[in-house]
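A closer look at the structure
So the chains spell out like this:
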Amino acid sequence: MSGRRLILAIHEDTNAGAAVVRGGEILAAVAEERLTRRKFQPGFPTRAVEEVLRLAGTTLDDVDLVAGNRFHFLPRILPGRAAIEGEHDLFGPVHKAWLTLQRRFARGGPEAIVAETLSRRALARRFGRPVSLVDHHTAHAWSAWVTSPFPEALAVSVDNMGDGYAARIFRFTGGRCEPLWSSDAVASPGQFYGEISQLLGFHVLMAGKVTGLAARGDPRRAYPLMERLFSLDPSGTSFRLPPLWPKARRLGVFRALRRFSREDIAAAAQKRLEDVLVDWVRRALRETGLRHLVLAGGVFANVMVNHRLWCLPEVDGLFVHPAMSDQGIAVGAAFAAQEGAQGLHSGPIPHVFLGPGYSDEEIGRTLEESGLRYEEAPDVDAAVADHILRGRVVARFTGRMEYGPRALGHRSILYHTGDATVNHWLNRRLRRSEFMPFAPATLAEHAAACYEGYGPGVADTARFMTITFPCTEEMRRSSPAVVHLGGTARPQVVHEEADPGYYRILRRVHEATGIPSIVNTSFNMHGEPIVCTPSDA
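First, a word on scope: everything that follows refers to the structure included in this document.

**Looking at the layout of surface pockets**
One number sums up the size of the second largest pocket: a volume of about 1500 Å³. Contributing to the lining of the second largest pocket are 34 residues, with L367, Y374, E375, V380 and A395 lying nearest its centre. Secondary structure elements with two or more residues in the lining of the second largest pocket: helix 14 (360–370), helix 15 (380–389), strand 13 (394–397) and helix 19 (500–513). For the lining of the second largest pocket, the element with the highest residue contribution is helix 14, accounting for six residues. Residue composition of the lining of the second largest pocket, grouped by class: 17 nonpolar, nine polar and eight charged.

Shown next as C-alpha cells:
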C-alpha cells in the first residue's frame, strides 16, 4: 500500500509552498505567498504547512513521509531566513557565488554530500517523520507527468536553477522516470531571460513582462547579440552562456544592447529563448521517439515558448503543469517520492481548486466588518453574468483558491471582451504595466472556433491558461479585449464538469451575445499575490 501513503511535501526558498498528497491525488496545495501576502514569499513554508494539513483534514501524526528538495538546507537550518540580500540580482556577486556552488552540487562530491545531509537532518528534526529528498527538476518532471493525460512522455524541466541544475530532460515510460540530459546551474535559460529582464528594468521574478513587451518590438535588430548571450553547446544537449563572473550589465554585449529600444531587446530575447529551447527539445524528441511532451519549471510560464513546442511536427500532445513555477515543486516531490508505487500513474488533473475555501457565514462576517453595502443574490452566477452584460467589472471570489500562479475563475476579475480599451484603463486601476494582455475564459465547446491549433492533444493544458494560440478572425473581431498584439490569446478553456458555476456565467453571456468568452484577470493589485481570504478580497 505504499502508493496510499499520506505525504506532506514542501518547497522552501522563493515561491515557498506545501502540499498533502495521497497516491496520485493532491488533497491540498498552497503557496506561502497567499497566506503572508508577500509575493514570491521565500523561506520555510510554515503557514502553508499548517494550512494544507488543515485542508486535508489531517495532522502531522498521520503523515507517513515528508518530501522536499535535496539541497535547500539554508531555510531548514535558519528558520527565520526569508531571503539573502542580493540573491535575485543576477549580475551581483551573491547570486554568482550561489550559482557557482550550485554547479558544484550538480557534480557531486563533498559539498553535495554535506548539503544533502544537512537538509535531511533538518527536515527529520523539524517534523519527526521519515524524509525523502527529491531533486528539484525531478520534482518538476513528476508534477507534469502525473497530472498529464499521457502514459508515456518526454518530460522537460527548465528554470533558473534548482539542486545544481538549470534544466533537465526525462523519459517517462512504464511509470518510471529516466533522466536523459542536464544543463548545470551556470548554463541556464532562466538566467539568460532573467538578465534581459533586469536590463529592461524588471525584477527577475517578473520576467514574464518581457514576454508581454516583446510583442511590441522587432526581434531581428538585436538578435545577433542574443546569439552571443544564449546558445546550445556543441553536443546539443545542454546550454551555453558567457562566462559567469565577468558578466556586468554595463559591459560587453549588455552595453551594446543599450542602443536598441526596450521593445526590440525584449522581442529578440523572446525569439532567442524560443529558438534555442525548440532545438534542444526537438533533438530529444527525435532521439527518444516519444511524441508526447510534458513541461514544468518557471521558464514554461512563457506561453509563447509552449506554443512553439506544440507546433513541432514531432509533438502529438503537450501538457504544461498548471503550477509550472516552483509553486509546483511540493506536489512533484510528493509524486517522485512514490516512484514505482502501485497505482501511481498519469491522468488529467480534474481541477486546481486545492487551496482554502470559506463559508457564506465567514464571508458575511467579513462584509459586515468592512462596512461595504451588499446584497445576497438568489442566483449568484446569473447575477455575475448580468453585471458583465451591463458592462460592469466583477471581482469573483468563490470556493477553494486556485493552485498555481493563474487565477482561474475562483479569484478572478471578470469583464466582457468587446471593449478594446480595457487593457489600458483596468490595468491602470490595478497599477499594472499596460502592455500586459488580459486573458480570455472560453466555453470548451467553442474553443476550436476561437483558437487556431486548439485540439485534443493540447486541450488539457488549455484549461489552465498555460499556452497561447493564434486567434481566429471571428475571435479577433468579437473579443478585442483579450487579443494581444500579433493576434494571439492565452485562454482558459472552461469545462462544465470542472467548474459548473463559472461555466454557467460564460454560457449566460454567450446566450445573450453570441460571444463564448469573457475577460479573466487575476484578483489582485500590482505587486500583490492573488487574494486568498474574504478580507483580502
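**What about the sheet that holds strand 13?**
The strands making up a sheet associate through hydrogen bonds between their backbones, and the pairing can be parallel or antiparallel. Within the open sheet, the five strands sit side by side as 13-14-19-15-18. Their pairing is mixed. Strand pairing shows two members of the sheet lacking a second neighbour, strand 13 and strand 18 (492–494), which therefore form its edges. Strand-to-strand twist in this sheet, taken as the mean axis angle between neighbours without regard to direction, amounts to 35 degrees. As judged from the three bridges shared by strand 15 (residues 439–443) and strand 18, these two strands associate in the parallel manner.

**Here's the deal with unusual backbone geometry**
Its identity is not glycine, yet N15 carries a phi of approximately 60 degrees, on the positive side. Of note, N15 is situated in the loop between strand 1 (6–11) and strand 2 (17–22). We classify N15 as buried; its relative accessible area is 11%. For R431, which is not a glycine, the phi torsion comes out positive at approximately 60 degrees.

**A closer look at the packing of aromatic side chains**
For the coordinates displayed, the defined rule picks out 14 aromatic pairs. Consider the rings of Y415 and W425, whose centres lie 5.4 Å apart with planes at 90 degrees: the pair is edge-to-face. Within this pair, whereas Y415 is found in strand 14 (residues 411–415), its partner W425 is found in helix 16 (residues 422–429), the two being separated by 10 residues in sequence. Taking the relative accessible area as the measure of exposure, Y415 reaches 5% and is therefore buried. A centroid spacing of 6.1 Å and a plane angle of 75 degrees characterise the contact between Y454 and F469, whose relative ring orientation is edge-to-face.

**Things to note about the packing of helix 7 (residues 189–199) against helix 11 (residues 262–288)**
Pairs of packed helices are described in terms of their axes, by the angle between the two and the distance that separates them. Put simply, helix 7 and helix 11 touch, their axes get as near as 10 Å, and they point 175 degrees apart. Classified by the interaxial angle, the pair formed by helix 7 and helix 11 is roughly antiparallel. Residues P189, F192, Y193 and I196 of helix 7 pack against I265, A269, Q270, R272, L273 and L277 of helix 11.

**Focus on the pairing of strand 8 (residues 176–184)**
Sheet topology note: the strand 7 (residues 165–173)/strand 8 ladder contains eight bridges and is antiparallel. If you follow A167 over to strand 8, its bridge partner there is S183. Connecting strand 7 to the next strand, strand 8, in antiparallel fashion are two residues, including G174 with a positive phi near 60 degrees.

**Quick look at a negative patch on the surface**
Among the surface-exposed residues, D360, E361, E362 and E376 lie close enough to one another that they form a single negatively charged patch. As for its position among the elements, E376 is in the loop between helix 14 and helix 15. Of the residues examined, E376 reaches a relative accessible area of 72% and is grouped as exposed.

**Considering the sheet that holds strand 11 (residues 292–296)**
Reading across from one edge, 8-7-6-11-12 is the order of the five strands in this open sheet, with mixed pairing throughout. Edge positions in the sheet fall to strand 8 and strand 12 (317–320), since each has one partner strand and no second. Strand-to-strand, the axes of this sheet are offset by a mean angle of 20 degrees, without reference to chain direction. On the sheet, helix 4 (residues 93–106) packs against strand 6 (153–162), strand 7 and strand 8 and is oriented at approximately 140 degrees with respect to strand 6.

**With respect to empty space enclosed by the protein**
Throughout the structure, instances matching the rule amount to two cavities of 30 Å³ or more. If you add up the space inside the largest cavity, you get close to 120 Å³. What lines the largest cavity is a set of 14 residues, and nearest its centre among them are F353, R463, F464, Q492 and A498. The element best represented in the lining of the largest cavity is strand 18, accounting for three residues. Space inside the second largest cavity adds up to approximately 40 Å³. As for the second largest cavity, its lining consists of A29, V30, A31, R34, Q327, M401, E402, Y403 and G404. With three residues, strand 3 (residues 25–31) is the largest single contributor of residues to the lining of the second largest cavity. Class assignment for the residues of the lining of the second largest cavity results in five nonpolar, two polar and two charged.

Cut-offs applied
Residues numbered from 1 in each chain as written. Predicted model: local features only at pLDDT ≥ 70, side-chain atom pairs only at ≥ 80, totals over all residues. Heavy atoms only, no water. 1 Å grid on protein atoms, 1.4 Å probe; cavity = no way out; pocket = protein on both sides within 12 Å on 5 of 7 lines; lining within 4 Å. Points joined across faces, edges and corners; volume = space filled by probe spheres on them. Helix = DSSP H or I, 4+ residues; strand = E, 2+ residues; numbered from the N terminus. Nonpolar A, V, L, I, M, F, W, Y, C, P; charged D, E, K, R; others polar. Pairing = 2+ DSSP bridges. Axes fitted to C-alpha atoms, helices over the stretch in contact; angles between N-to-C directions. Buried < 20%, exposed > 50% of the residue type's maximum accessible area, 1.4 Å probe, protein only. Phe/Tyr/Trp six-rings, centres within 6.5 Å; stacked < 30°, edge-to-face > 60°. Parallel < 35°, antiparallel > 145°, perpendicular 65-115°, else oblique. Contact = heavy atoms within 4.5 Å. Patch = residues over 30% accessible without salt bridge, like charges linked within 9 Å, V, L, I, M, F, W, Y side chains within 5 Å. Areas by Shrake-Rupley, 256 points an atom, 1.4 Å probe, with all protein chains shown as cover. Salt bridge = Lys/Arg side-chain N within 4 Å of Asp/Glu carboxyl O. Lys, Arg positive; Asp, Glu negative; His and termini not counted. Charge placed at Lys NZ, Arg CZ, Asp CG, Glu CD.

Everything listed is a geometric property; what it means functionally is a separate question.
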